[in-house]
Amino acid sequence: MPAEAEAGSSWQSQYARRVEAALARYLPDPESAPARLHQAMRYATLGPGKRIRPVLVYATATAVGLPPAALDGPAAAVELIHAYSLVHDDLPAMDDDDLRRGRPTTHRAFDEGTAILAGDALQVLAFEILAGDTALPLEAARRLEMIRLLAHASGTQGMAGGQAMDLAAVGQVLERAQVEEMHARKTGALIRAAVLITCTAAPALSAAGYEALDRYGTAIGLSFQIVDDLLDVLGDPALTGKAAGADALRGKPTFPAVAGVEAARARAAALARDGIDALAGFGPEAGQLRAFAAELVARSR
């Protein structure tokens, strides 16, 4: 593992704990009505998870000179969108998964109807947090831009569109470029949004700095999903928390399936390097973002 990756472990764990505490505050009381729905929301969100997207929110805050403590709201918002997407992706009508993060998926732990409603409620809670977060004093135009970025990353040009492409591609033979476009929407868009939402909260950030961080987020978003594809083929279920080979069994055109394992590894590594190169104009304040990219291709879960 690269030295930068080793150095990143403690701060990533610290950021993960920070957003978990924030999520526990923002999520509804599990005993308040409707209790079963609130319990499902908490189950879906507060279980084991990598917290990649909020970690990027906090690391980007450090890079642009913002105190991470001021970004709890945006960090929680992007993780809630991610959690909702997993609840819905796992449903029988979508990927039909029984296991998520090493335990029963939300529709298995509760029921399908409750899982659908939990996903719906998690999604709108994310936007409620961004709209009303008082810990981050921002003018209305910047707050609206943060909301727009998250909505765009969640819609047809982002996760929903990527998932639709994924469903339509089952059993089909796609070109490598088509798989990259699908991945850039389904996974990459929200990772990129985690970076750009934080940039929007930094009035002193230059246009060049914003563009550089946009390139970084775009590159690592795609790299992350390619590594996920590799882990589906090569990963240890005990570490990934889900059954190996599920994509192949469903006939999904993943990056390793269309390009081969070695080409997938090379592409993921090249994208991670592109992300690091995009930060050339930043100093040590972007060290966490560099460490994240360095660790990306070596992850095992």
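A few points on the structure. (Residues numbered from 1 in each chain as written. Predicted model: local features only at pLDDT ≥ 70, side-chain atom pairs only at ≥ 80, totals over all residues. Heavy atoms only, no water.)

## Focus: the overall build of the protein chain
What counts here: Helix numbering and strand numbering both begin at the N terminus, where a helix is a DSSP run of H or I of at least 4 residues and a strand a DSSP run of E of at least 2. We compute the radius of gyration over the C-alpha atoms and compare it with the globule rule, which gives 2.2 Å times the number of residues raised to the power 0.38. The buried label goes to any residue with under 20% of its type's maximum accessible area, the exposed label to any with over 50%, and the partly exposed label to all in between, with areas taken from a 1.4 Å probe on protein chains only. By definition in these notes, contact holds between two residues if any of their heavy atoms fall within 4.5 Å.
Along the backbone of the protein chain there are 15 helices and two strands. Here the C-alpha radius of gyration of the protein chain, 18 Å, is about what a compact globule of 301 residues would show, namely 19 Å. Once the C-alpha set of the protein chain is aligned to its principal axes, its extents read approximately 50 × 50 × 35 Å. Expressed as a percentage of the 301 residues in the protein chain, the buried residues total 52%. Partitioning the intrachain contacts of the protein chain with sequence separation of at least 6 by distance along the chain shows that 73% fall at a separation of at least 24.

## Observations concerning the packing of aromatic side chains
The relation between two aromatic rings is expressed through the spacing of the ring centres and the mutual angle of the planes. Note the following rule: Side-chain rings of Phe, Tyr and Trp (the six-membered ring for Trp) are treated as a pair once their centres are within 6.5 Å; stacked means planes under 30 degrees apart, edge-to-face means over 60, and tilted covers the remaining angles. Charge over a ring is defined by NZ of Lys or CZ of Arg lying within 6 Å of the ring centre and within 35 degrees of the ring normal.
Scanning the entire structure with this criterion turns up three aromatic pairs. For the ring pair W11 and Y15, a centre distance of 5.6 Å and an interplane angle of 65° mean the geometry is edge-to-face. Of this pair, W11 and Y15 both sit in helix α1 (residues 3–26), four residues apart, which is roughly one turn of that helix. With respect to burial, W11 and Y15 carry one shared label: buried. A ring pair is formed by Y43 and F110, whose centres lie 5.5 Å apart and whose planes are at 75°; its orientation type is edge-to-face. One end of the pair, Y43, is in helix α2 (residues 35–46); the other, F110, is in the loop between α5 (106–109) and α6 (112–132), and 67 residues separate them in sequence. Taken together, the ring pairs in this structure connect W11, Y15 and Y58 into an aromatic cluster. One residue, R103, lies across the ring of Y43, its end atom 3.7 Å from the ring centre.

## Regarding empty space enclosed by the protein
Quick reminder of the rule: The distinction between a cavity and a pocket rests on a 1 Å grid over the protein atoms alone: a 1.4 Å probe fits inside a cavity but cannot get out, while a pocket stays open yet meets protein on both sides within 12 Å along at least five of seven lines, and a residue with an atom within 4 Å of a point counts as lining. Grid points are joined across faces, edges and corners, and a volume is the space filled by probe spheres set on the points.
Applying the stated criterion to the full structure yields one cavity of 30 Å³ or more. If you go around the largest cavity, you meet 14 residues; those closest to its centre are Y43, A44, R100, R101 and T106. In terms of residues, the lining of the largest cavity owes the most to one element, helix α4 (residues 72–89), which gives three residues.

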